Structures are given as structure tokens and as C-alpha cells.
Amino acid sequence: MKIKHLVKVYRGADNRSSLLDVSYPISDAKLPLIIFLHGFKGYKDWGAFPLLAQYFAENNFVLLKFNFSHNGGTVNEPIDFPDLVAFSKNTYSKELEDMNCIIDFLKNDSELKQIVDFNRIFLLGHSRGGAIAILSADRFSEIKKIATLAAVDNLVKRLSNTMSLEEWKLNGLRYIENSRTKQQMPMKYNFVEDLMENREKLDVEKACARLEIP
């Protein structure tokens, strides 16, 4: 089976450019699409993710994986994190907006329209990407099935694993170490503000309870 790989640029939240790639078998038929969402401090080519894309393509799926627009990578340096300013501005709302941009990109890309069965769009999310996948499946009617790998179940409770919110608010910034690159990665307090202002929209458990898809 011949597998084809495409790399493309999409525009996500704040009109920021980021990379996506698509793996699929050469076929005369349109194929179901799996959109893969990476986790916190992650990127589309981390670890076994390229093998995962190859596996699904060999089993007659189109696998699209993308870098969230504010994950700290750039179009030219997608694996490391050269843009920590972008990383510091990331929020859950921006990641949901990225998903909206990916859906729009699919509908408007002439090449992908030839190979994707738009009645069979599925999501697969890892860790924090699993939470965004659940929220996206609740939000977008285009999504027909969902699977997650060690998904985060409650975004507000995750804050309890960080420094005190009072200290974070006072400093306006906190740093978290990237164990792979050893970078101290900054997060602005607007990450917390976005979560609190949109906590109903970002309630993973409620979104999951509403889902009627497999």
C-alpha cells in the first residue's frame, strides 16, 4: 500500500500560522478522516505520533495532525519551541478556535476535499488534547466519533497542580519546565482568566455527558 504524506500551513487563533500534516493511502474512494490533537507542551510529531499516523493510513484512514497555533513552535521550527511569547499567550479558548480553523481549512482545501469523506470526521486527542477533542466534539456537528488517550477530565481542577493562583496573579506570569528541552516556558495569568470566564464552555465533564456520538 502506497502512503502519501502532505504538509500544509493553516492559520489558527489570532491569525497565527502553524503546521499540519496529512497521511493517507492512495485510493479511488474518499476516506474517513481522523484529526489528532496533541497535548500540553506537545507538538504533532512528538514520540510515537508519526507512527500512529502511519498506522491509521495503512488501515484506510486519512490522519491529520496539527500543531496548536500557540504551542510555542513555528512553521520553520515546529519541533522545538522558539516562540515562547506565543506559548505564554495560549489559552483553552485559543485551542478551541484552532479546531474551528482546522474544520474551515478542511472545507476549503481543494486537495483534501478530493480525499476526505466529510460524513466521517473523527477526533483523537492525547492528554490536554483529549479534553479539547471532547469539547470540540460537543461544539462541532461535523464530528461523528471521538477517542481519547489519557484525556484531562477537568480543566479547573488541573489548576490545583500549579503554584497558588494568588501568586500567579500577582506575578502575572509563571514558568513551567519543559523536561525535553529544559526551557522555562512562560504562562501568563490570562490563561486562568480565560478558563474562569469560559468555565461553562470549557466544562469537559458536561460536554462529555452531552455527547451522543460513539
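Asker: What exactly am I supposed to notice about the packing of helix α3 (residues 92–108) against helix α5 (residues 128–139) here?
Answerer: When two helices pack together, their arrangement is captured by the angle between the axes and the distance separating the axes. Look at α3 against α5: their axes get within 10 Å of each other, and the N-to-C directions meet at 60°. In terms of orientation, α3 lies oblique with respect to α5. Note that α3 runs across α5; the crossing there is right-handed. Between α3 and α5, the residues in contact are Tyr92, Glu95, Leu96, Glu97 and Met99 and Arg128, Ile132, Leu135, Ser136 and Arg139, respectively. Looking at side-chain class alone, the contact of α3 with α5 contains five nonpolar, one polar and four charged residues.

Asker: Before we go on, may I ask you to explain helix α1 (residues 49–58) in this structure?
Answerer: Looking only at α1, the buried set comprises Phe49, Leu52, Ala53, Phe56 and Ala57. All buried residues of α1 lie within an arc of 130° about the axis, which places them on one face of the element. Positioned one or two residues after α1, Asn60 has a phi angle of 70°, which is positive.

Asker: Just checking my understanding: could you explain the packing of aromatic side chains for this structure?
Answerer: Aromatic rings considered in pairs are described by the distance between their centres and by the relative angle of their planes. By the definition in use, this model includes 11 aromatic pairs. Centre to centre, the rings of Phe66 and Phe68 are 5.0 Å apart; their planes meet at 70°, and the pair counts as edge-to-face. The class for Phe68 is buried, based on a relative accessible area of 1%. Between Trp168 and Tyr189, the aromatic rings sit 6.1 Å apart at their centres with planes inclined by 80°, giving edge-to-face as the arrangement. Taken together, the residues Trp168 in helix α7 (residues 165–171) and Tyr189 in the loop between β8 (184–188) and α8 (190–197) connect sequence positions 21 residues apart.

Asker: Explain the pattern of salt bridges to me, please; I cannot follow it from the model alone.
Answerer: Pairing of side chains with opposite charge becomes possible as their charged atoms draw close. Under the counting rule described, the total for this entry stands at 14 salt bridges. The residue Asp21 makes a salt bridge to Lys44 at a minimum N-O spacing of 2.7 Å. Placement of Asp21 in strand β2 (residues 17–25) and of Lys44 in the loop between β3 (31–37) and α1 is noted, with a sequence separation of 23 residues between them. The two residues Asp21 and Lys44 agree in class, both being buried. Taking the shortest distance from any N to any O, the salt bridge between Asp117 and Arg120 comes out at 2.8 Å. Owing to a relative accessible area of 17%, Asp117 belongs among the buried residues under this scheme. Arg120 gets classed as partly exposed once you look at its relative accessible area, which sits at 35%.

Asker: Mind showing me how you'd approach empty space enclosed by the protein here?
Answerer: Sizing a probe to match a water molecule and rolling it over the atoms shows the empty space that remains. The full count for this structure, using the stated rule, is two cavities of 30 Å³ or more. Lining of the largest cavity is provided by His38, Gly39, Phe40, Lys41, Gly42, Asn71, Phe87, Asn90, Glu95 and Arg128. Residues that form the lining of the largest cavity fall into these classes: two nonpolar, five polar and three charged. Lining of the second largest cavity is provided by Phe40, Phe87, Asn90, Arg128, Met187 and Phe191. Classifying every residue of the lining of the second largest cavity gives four nonpolar, one polar and one charged.

Calculation criteria
- Residues numbered from 1 in each chain as written.
- Predicted model: local features only at pLDDT ≥ 70, side-chain atom pairs only at ≥ 80, totals over all residues.
- Heavy atoms only, no water.
- Axes fitted to C-alpha atoms, helices over the stretch in contact; angles between N-to-C directions.
- Helix = DSSP H or I, 4+ residues; strand = E, 2+ residues; numbered from the N terminus.
- Parallel < 35°, antiparallel > 145°, perpendicular 65-115°, else oblique.
- Left-handed = near helix turned anticlockwise from the far one by under 90°.
- Contact = heavy atoms within 4.5 Å.
- Nonpolar A, V, L, I, M, F, W, Y, C, P; charged D, E, K, R; others polar.
- Buried < 20%, exposed > 50% of the residue type's maximum accessible area, 1.4 Å probe, protein only.
- Arc of directions from axis to C-beta.
- Phe/Tyr/Trp six-rings, centres within 6.5 Å; stacked < 30°, edge-to-face > 60°.
- Salt bridge = Lys/Arg side-chain N within 4 Å of Asp/Glu carboxyl O.
- 1 Å grid on protein atoms, 1.4 Å probe; cavity = no way out; pocket = protein on both sides within 12 Å on 5 of 7 lines; lining within 4 Å.
- Points joined across faces, edges and corners; volume = space filled by probe spheres on them.

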